[in-house]
Amino acid sequence: MRPAQALIDLEALRHNYRLARRLGGGKALAVIKADAYGHGAVACARALEAEADGFGVACIEEALELRRAGITKPVLLLEGFFDAAELPLIVEHGLWTAVASQWQVDALAAFRTEAVLTVWLKLDSGMHRLGLSVEEFRAAHARLSALPQVGPMVLMSHFARADELDSARTQEQVDTFNRAVEGLAGETSLCNSPALLGWPQVRSDWVRPGLMLYGADPLYPQPSPHAAQLRPVMTLQSRVIAVREIGIGEPLGYGARFVAEKPTRVGVVAMGYADGYPQFAPNGTPVLIDGVPGRLIGRVSMDMLTVDLSDHPQAGLGSVVQLWGNAPTLSELAPRCNTSAYRLPCSLKRAEKIYL
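The structure reproduced in this document is the subject of the present report. None of the values given here were measured: they were computed from a predicted structure.

Focus on the environment of R299
Logical step 1: Turning to its location among the elements, R299 is positioned in the loop between β15 (292-297) and β16 (305-308).
Logical step 2: Using a relative accessible area of 34% as the deciding quantity, one classes R299 as partly exposed.
Logical step 3: Taking the C-alpha atoms as reference points, R299 and S310, separated by 11 residues in sequence, lie 18 Å from one another.

Things to note about the packing of aromatic side chains
Aromatic ring pairs: the centre-centre distance and the angle between the two ring planes describe each pair.
Logical step 1: Applying the stated rule across the entire model yields seven aromatic pairs.
Logical step 2: Between the aromatic rings of W96 and W206, the centroid separation amounts to 5.7 Å while the plane-to-plane angle is 85°, which identifies the pairing as edge-to-face. Of this pair, W96 sits in strand β5 (residues 96-99) while W206 is found in strand β9 (residues 206-207), placing the two residues 110 residues apart along the sequence. Each of the two residues, W96 as well as W206, counts as buried.
Logical step 3: Consider the rings of W120 and W206, whose centres lie 5.3 Å apart with planes at 65°: the pair is edge-to-face. Of this pair, W120 sits in strand β6 (residues 119-122) while W206 is found in strand β9, placing the two residues 86 residues apart along the sequence.
Logical step 4: The class for W120 is buried, based on a relative accessible area of 0%.
Logical step 5: Given the relative accessible area of 3%, W206 is considered buried.
Logical step 6: Every member of this aromatic cluster is reached through a ring pair, and the members are Y37, Y214 and Y342.

A few points about the environment of M156
Logical step 1: Structurally, the position occupied by M156 is in strand β7 (residues 154-156).
Logical step 2: As for M156 and W206, which are separated by 50 residues in sequence, their C-alpha atoms are 8.9 Å apart.
Logical step 3: Excluding residues within four positions of it along the chain, M156 makes contact with A98, W120, L121, K122, L123, F177, S189 and R208.

A look at the packing of helix α6 (residues 102-110) against helix α7 (residues 134-145)
Axes are the key here: two packed helices are described by the angle between their axes and the distance separating the axes.
Logical step 1: Between α6 and α7, the shortest axis-to-axis distance is 10 Å and the interhelical angle comes to 10°. The angle between the axes of α6 and α7 places the two elements in the roughly parallel class. Taken together, the residues of α7 that come into contact with α6 (itself represented by Q102, V105, D106, L108 and A109) are A140, R143 and L144.
Logical step 2: In terms of residue class, the contact of α6 with α7 is built from five nonpolar, one polar and two charged.

Some points on the pairing of β16
Logical step 1: Side-chain alternation along β16 places L305 and V307 on one buried face and T306 and D308 on a second face that is also buried.
Logical step 2: Two strands pair when backbone bridges link them, and strand β13 (residues 264-269) and β16 are joined in this way by four bridges, in the antiparallel orientation. Bridge pairing links G267 to V307 in β16.

Details of the pairing of β15
Logical step 1: Bridge count for strand β14 (residues 286-289) against β15 is four bridges, and the pairing is antiparallel. Each bridged residue has a counterpart across the sheet, and for P286 the counterpart in β15 is R295.
Logical step 2: Where β14 folds back onto β15 in an antiparallel hairpin, the turn is made up of two residues, including D290, whose phi is positive at roughly 50°.
Logical step 3: Inspection of the sheet shows β15 paired to β16 by two bridges, in the antiparallel sense.

Basis of the calculations
- Residues numbered from 1 in each chain as written.
- Predicted model: local features only at pLDDT ≥ 70, side-chain atom pairs only at ≥ 80, totals over all residues.
- Heavy atoms only, no water.
- Helix = DSSP H or I, 4+ residues; strand = E, 2+ residues; numbered from the N terminus.
- Buried < 20%, exposed > 50% of the residue type's maximum accessible area, 1.4 Å probe, protein only.
- Phe/Tyr/Trp six-rings, centres within 6.5 Å; stacked < 30°, edge-to-face > 60°.
- Contact = heavy atoms within 4.5 Å.
- Axes fitted to C-alpha atoms, helices over the stretch in contact; angles between N-to-C directions.
- Parallel < 35°, antiparallel > 145°, perpendicular 65-115°, else oblique.
- Nonpolar A, V, L, I, M, F, W, Y, C, P; charged D, E, K, R; others polar.
- Pairing = 2+ DSSP bridges.

Put into structure tokens, the structure is as follows:
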């Protein structure tokens, strides 16, 4: 069997959820869209179901996967329904839905059911992606409140720049939200992961932790005492499958991006960009080799990458190479590779997931 593995620490996931809930001071919706950011949505939902207040997914397909797996806790469609034809499924499976566009308001008004739906009404407070304007939001709240098929609503918005602690945009969005919800009935939901970690003055009834659940720091490299408490959930590792010796001046791999300046002992590792490791990770990208800090050298190939074993006399065939986890962390690795901590685990394809 190919030795590429993603070890998923479910206790670390639970620890991070508890931290998010404690920081929020109320209820926490665990965001497990995109297959729980590559960690496995069903396994993560099962690990959290005993204590999570609910789950957030992107679409109905993700929600139905959870229901088929026996998950009974509330599941919110964060992007709402994409077609009115999905509304009967939302009722059948007891799903919650966001409402962020006028056509969705119209569809709910036209939908006839004896069920009472839980709606999260979304305001565009300044991100300008999904959501209703302040005037539309207040009108939609009045209209939906009068419908027998709509129960008490949660009033929500989403921050665009909460990961920038020196930006005024977050407070501007809070002010817009407060103006929009003044006098309206309903619980509120504002905080995403960076708001939870970096904006303690911003709180709401519901919080929506995503990236922080998986142990990555959305504020990196800005210091955050709360982010320091996060525990990495995924450890990506593989093994050395071949060892080579190259002399001074010898190139390594595609494009000769690495040329040996001294006799170099090279370990070939079964991990590449087809597995989800970043293709353009530069020379010197940190790894752990049998638990000892080391470095990547040469260009990452589709199925393989190469590491420098020159200072690792203990290492050889079968040595374990850790690509991310407690070291390097996703937050540290991502900027080196011109990508994001959000994308890296979502890119995983072939590494076998092992749940701990």
